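Coordinates in review
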Amino acid sequence: MTKKLEFVDLNYKPKNDLICLFKILPNNISMEKAANTVALESSVGTWTKGKNMLKD
Amino acid sequence: MDKGQEYVERLKAKVFSIRGNLIKVAYPEELFEKDNVPNILSSIAGNIFGMKSVKAIKLEDVSFPKSILKSFRGPKYGIKGIRKMMKIQTRPLLGTIIKPKLGLNTEHHAQSAYESWKGGCDIVKDDENLASQRFNMFENRLAKTLEMADKAEKETGEKKAYLVNVTAETKEMIKRAQLVENMGGKYVMIDILTAGWASLQTLRESNFKMAIHAHRAMHAAFDRNPNQGINMFVIADFARIIGVDQIHIGTGIGKLEGDIKDIEELMEEIESKNVRAAKKRLEQKWENIKPVLGVSSGGLHPRHIPFLIHHLGKDLVIQAGGGIHGHPLGTEAGAIAMRQAIDATLRKISLNEYAKTHVELEEALKLWKK
């Protein structure tokens, strides 16, 4: 089963976003996976899913 | 979907381009406190540099959306404002740094500055590591050197500026900048990286009358390694958005590392209104943010002038320290030789030809062969 990379969206067209250009050398994983970790760690992500389960 | 997951969906960054080893990531503007540079950098240039998922990572460039551009002041003067203040419309500005780097007492410092201005320098700046050491305390140095600037202005009829280094703990730095304003100085200089982004913001947002000269000491710790760190484009972008009026960009020649092609691209990044995308550069429309004047400094002497003007144009500060104070006939002659080299280049006359009728240039060319 392939797990979806939640922080990669190659069809996304930036609008009012701040854009960063990175050069990365992945550490024995694919470019896509490495790129996913960059976007995750530099924005809202964390290594584990939140268990707070906040409700309205 | 639980609430936490909803927040993630709304604010997450998205990788929208992968080409070879280069990736582009889009961050929703809401992710940031818009006028807070440390906050922005803690996301885009924070933990990611140490992640195990990458062997190396370099932040090559950043492009700001309009909403973030609008929350910053940008340069107070910029290129046009500096030219107006200095009454220099077309030629590059000539500057020097007092040498030796450290150790001159205040009288010798002021004297050396005077000779530089007298010979033809427009600006004289402190070295990056001069602050208020015991051998040359800030307030006295400021007063004596500004006195010499006034004297040189009267004698030459040209505008003369002293770029005093105010770099210090932030509150102390603001006190020093206030002294510069009270004494009628035109500029302050700050080591933007060792002082830190927050303190640069404080200095700019204090809205003093002076222009801000940004020295980039420590940049090579971020930008020298081609695979890891932060490109100078990013440092220059944040300096521009906060609002320095001029910033060091390198020389492409002489003692410090840096390829001239990279420096040409960096020059466009800080001096253009609309920056085009290049291999490692993002498009940027700068909107309300004025262009910043580029400063070439480090190991320069008169023989380098044609190369610099050819590659970097006239909207440039050319600074020489050793290349002026090391002149065989002394500091004043050294400044004269640099001005002669600029004049010759703008008049499209070779330096060797011009040196036949200009003895200061002739002496400089004899000493510095390449």
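Residues numbered from 1 in each chain as written. Chains lettered and ligands numbered in written order. Predicted model: local features only at pLDDT ≥ 70, side-chain atom pairs only at ≥ 80, totals over all residues.

1. What to know about the overall build of chain A
- Of the regular secondary structure elements, chain A holds 1 helix and 1 strand.
- The buried share of chain A, reckoned over its 56 residues, is 38%. (Helix = DSSP H or I, 4+ residues; strand = E, 2+ residues; numbered from the N terminus. Buried ≥ 20, exposed ≤ 12 C-beta atoms within 10 Å, placed from the backbone.)

2. Focus: the interface of chain A and chain B
- Listed per partner, the contact involves 38 residues of chain A and 48 residues of chain B.
- Elements that contribute at least two residues to the side of chain A that touches chain B include exactly β1 (17-26) and α1 (31-41) of chain A.
- With 10 residues, the single largest contributor to the side of chain A that touches chain B is β1(A).
- Split by residue class, the side of chain A that touches chain B holds 22 nonpolar, 9 polar and 7 charged. (Contact = placed C-beta atoms within 7 Å. Nonpolar A, V, L, I, M, F, W, Y, C, P; charged D, E, K, R; others polar.)

3. Points about the environment of Gly243(B)
All names here are of chain B.
- With respect to the secondary-structure elements, Gly243 resides in the loop between α11 (232-242) and β10 (246-248).
- As a C-alpha pair, Gly243 and Glu205 span 38 residues in sequence and 8.9 Å in three-dimensional space.
- Apart from the residues lying within four places of it in its own chain, the contact partners of Gly243 are Phe72, Arg73, Gly74, Pro75, Lys76, Arg204 and Ile212.

4. Some remarks on the nonpolar core
- Grouped together as the largest cluster of nonpolar side chains are 116 residues, with contacts concentrated most on Val38(A), Val25(B), Val188(B) and Ile190(B).
- Per element, the largest residue contribution to this core is 9 residues, and it comes from α11(B).
- When residues of this core are assigned to domains, at least three map to each of domain 1 (3-58) and domain 2 (78-367) of chain B.
- In contact with Val38(A), not counting residues within four places along its chain, are Phe22(A), Ile24(A), Ile23(B), Val25(B), Ile48(B) and Ile57(B). (Core = buried A, V, L, I, M, F, W, Y, C linked by C-beta atoms within 7 Å. Domains from an automatic or database assignment.)

5. Quick look at the sheet that holds strand β4 (residues 93-97) of chain B
Residues and elements named next belong to chain B.
- One closed barrel accounts for 8 strands, arranged β4-β5-β6-β7-β8-β10-β13-β14; its pairing is parallel. Looking at each pair of strands side by side, their axes are set apart by 25° on average, direction ignored.
- Where strand β8 (residues 211-215) lies against β10, 2 bridges are found, and the strand directions are parallel. Bridge pairing in β10 links His213 to Gln246. (Pairing = 2+ DSSP bridges. Axes fitted to C-alpha atoms, helices over the stretch in contact; angles between N-to-C directions.)

6. Some remarks on the sheet that holds β1(A)
- Strand order in the open sheet formed by 5 strands is β1(B)-β2(B)-β1(A)-β3(B)-β9(B), with mixed pairing between adjacent strands. Two strands close off the open sheet at either side, each with one partner strand: β1 (14-19) and β9 (229-230) of chain B.
- Sitting on the sheet, α11(B) touches β3 (54-63) and β9 of chain B, and the angle it makes with β3(B) is about 40°.

7. With respect to the pairing of strand β6 (residues 161-165) of chain B
Residues and elements named next belong to chain B.
- Judged by how many residues are buried, β6 sits mostly within the fold: 5 of 5 residues are covered.
- Along β6, one buried face is formed by Ala161, Leu163 and Asn165 and the opposite face, lined by Tyr162 and Val164, is buried too.
- Alignment of strand β5 (residues 123-125) against β6, held across 3 bridges, turns out to be parallel. Note that in β6 the partner of Val124 across the bridge is Tyr162.
- Pairing between β6 and strand β7 (residues 187-191): 3 bridges, direction parallel. The partner of Leu163 across the bridge, within β7, is Tyr187.
- Between β6 and its parallel partner β7, the chain crosses via helix α7 (residues 170-182), and the hand of that crossover is right-handed. (Right-handed = clockwise from strand over helix to strand, strands pointing away.)

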